[in-house]
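Coordinate inspection notes
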Amino acid sequence: MTLIFNIIMRIRSFLFVIACVVSTVSNSQTATSPTIGCVPLNVNFEAPAGATTYFWDFGDGATSNLKSPVNPYTIAGTYTVIFRATAGGPPVGSPITVTVSPKPVPTITTSSILKGCVPLTVNLAGNAVLPAGVTLGGYKWSFGDGTGATGSPTTKTYVTPGKFTVALEVTTSSSSCNVTKQFVDYVSCSAPPTTAFTTTPSPATACVPPLTVSFTNTTTSTLPLTYLWTMHNGTTTTVKDPPAVTITTAGSYIVSLTATDSNKCTSTYSVPVNVGSPAATFTVKDTVCINTPVTFTNTSSPGTYAWNFGTGATPATSGVTNPVVTYSTAGIKTITLNVTTGACSGTV
């Protein structure tokens, strides 16, 4: 009887010890890092306090028998994480839900022209659709020329020619959802073409019609160009070098060339064409006071000018287009203006 009693007491004592051990295990396994984020999302887990054996089922097919495992979630989805003391044991505590989303995709919207001449100013607005539970931290820009900005919208002025890759970084409340996207060659700008052409003869003048003029395009640019010529009579052509033209009517004409590069950056160059003697005309007040400056307004054909203002004038002569003269003596003054264009001249 004594032996049987001792065995029973030891069994009770053993059961008591087991009961005490089980009662010290917490029902609270935890995730010690965010459980909402974007792929790849690494989640840290911590076993319940007091547990001595561990079995984690992370819901994505992966398991662990570590006390504090880390599980990387590489596919978007919602996962239920269950902790057990052993693989076949019952769940301990409440399951943990992990929500993993695709990374957001930054986008840029703009109403600005993204190709043109320097300086080129562009207005940019960033955007990204974030997963539920993730909040926006901010936007950071890199403009491709060594400068940047924060916030959205933003404005950037490019002052040097080139192609520029714009990078937009989106920061969020979850570091796994932070993302940067590069927009390759998003902005392209250039210096205007150096538009020019020569004429034969040069200058393009004749004292009497007809006058035949040929044109040679000497425009330069670092980019491909298109051309638009506007001829003396208003007709246009897009060839590089237009055919020669013959002008049969006396008059003053303008021929212009506009060059446009692949960034739609343009510049224009014009040359006067004169047939017949240049017209010499001007306007001035018919009555002026002594020692009071008076302006002569030249309305002549293009050319070089030679003025003579008569007696008592300062200056007495001039070669400027619109001279200012002061008279020191009274009287009727005789003014002459000679206009010279090439070998042709006209006088009034």
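See the structure above.
Numbering of residues starts from 1 in every chain and runs along the sequence as written. Restriction of local features to residues with pLDDT of at least 70 applies here, the model being predicted, together with a cutoff of 80 or more for giving and counting side-chain atom pairs; totals for whole chains, interfaces and linings are based on all residues. Side-chain measures were taken over the full set of non-hydrogen atoms in the model, leaving aside hydrogen atoms and water.

Brief notes about the overall build of the protein
To keep things clear, this is the line we draw: A run of H or I in DSSP counts as a helix once it spans at least four residues, and a run of E counts as a strand once it spans at least two, with each numbered from the N terminus. The size measure is the radius of gyration over C-alpha atoms, and the globule rule it meets is 2.2 Å times the number of residues to the 0.38 power. Residues scored as positive are Lys and Arg, those scored as negative are Asp and Glu, and His as well as the terminal groups of each chain are ignored. One atom stands in for each charge, and that atom is NZ of Lys, CZ of Arg, CG of Asp or CD of Glu.
On a plain count of helices and strands, the protein comes out with one helix and 33 strands. In terms of overall dimensions, the protein is more spread out than a globule: its C-alpha atoms have a radius of gyration of 44 Å, far above the 20 Å expected for 348 residues. For the C-alpha atoms alone, the extent of the protein along its principal axes is close to 160 × 50 × 25 Å. Both charge centroids of the protein, one from 14 positive and one from 9 negative side chains, sit 7 Å from each other.

Points about the nonpolar core
Filter applied, for reference: Take the buried residues of types Ala, Val, Leu, Ile, Met, Phe, Trp, Tyr and Cys, join any two whose side-chain atoms come within 4.5 Å, and each joined set is a nonpolar core. Exposure categories follow from relative accessible area, calculated using a 1.4 Å probe and restricted to protein chains: below 20% of the type maximum is buried, above 50% is exposed, and the middle band is partly exposed.
Ranked by internal contacts, the top residues of the largest apolar core, which has 20 residues, are Ile108, Leu124, Trp141, Tyr158 and Val166. Counting residues per element, the ones that place at least two in this core are β11 (120-127), β12 (136-142), β15 (162-172) and β16 (179-190). In terms of residues, this core owes the most to one element, β16, which gives five residues.

A short note on the sheet that holds strand β2 (residues 36-38)
Worth spelling out the cut-off: Any two strands with at least two DSSP-identified bridges between them are counted as paired.
Spatially, β2-β8-β7-β4-β5 is the arrangement adopted by the five strands of the open sheet, whose pairing is mixed. Each edge of the open sheet carries a strand with a single partner, namely β2 and β5 (63-64). By the bridge criterion, three bridges tie β2 to strand β8 (residues 96-101) in an arrangement that is parallel. For cysteine 38, the partnering residue across the bridge sits in β8 and is serine 101.

Let's talk about the pairing of strand β17 (residues 197-200)
Side chains Phe197 and Thr199 project from β17 onto a buried face, and the interleaved Thr198 and Thr200 project onto a face without burial. With four bridges joining them, β17 and strand β19 (residues 211-217) adopt antiparallel strand pairing. Among the inter-strand pairings, threonine 200 is bridged to a residue of β19, identified as serine 214.

Digging into the packing of aromatic side chains
The geometry of two aromatic rings is summed up by the distance between their centres and the angle between their planes. The following threshold applies: For Phe, Tyr and Trp, where Trp contributes only its six-membered ring, two rings pair if their centres lie within 6.5 Å, and the inter-plane angle classes them as stacked under 30 degrees, edge-to-face over 60, or tilted in between.
Overall, the coordinates contain 17 aromatic pairs when judged by the stated rule. Aromatic rings pair up to connect Phe45, Trp56, Phe58 and Phe83 into one cluster.

Section: the state of the cysteines
Every disulfide links exactly two cysteines, by a covalent bond between their sulfur atoms. To keep it simple, the criterion reads: In this description, a disulfide is simply a cysteine sulfur pair whose atoms lie within 2.5 Å.
Inspection of every chain in the model, using the stated rule, returns three disulfides. With a sulfur-sulfur separation of 1.9 Å, cysteine 38 is cross-linked through a disulfide to cysteine 177. Residues cysteine 38 and cysteine 177 are joined through a disulfide that is right-handed, its torsion about the S-S bond being 95°. Of this pair, cysteine 38 sits in strand β2 while cysteine 177 sits in the loop between β15 and β16; the two residues are 139 residues apart in sequence, bridging distant segments of the chain. For the pair cysteine 38 and cysteine 177, a shared accessibility class is recorded, and that class is buried. In this model, cysteine 117 is linked to cysteine 265 through a disulfide, with the two sulfur atoms separated by 1.7 Å. Linking cysteine 117 and cysteine 265, the disulfide has an S-S dihedral of approximately 110° and is accordingly described as right-handed. Taken together, the residues span a long stretch of sequence, with cysteine 117 in strand β10 (residues 115-117) and cysteine 265 in the loop between β23 (251-261) and β24 (266-275) at a distance of 148 residues. Looking at cysteine 117, the relative accessible area reads 25%, which means it is partly exposed. Cysteine pairing for the protein (bonded cysteines numbered in sequence order): 1-3, 2-5, 4-6.

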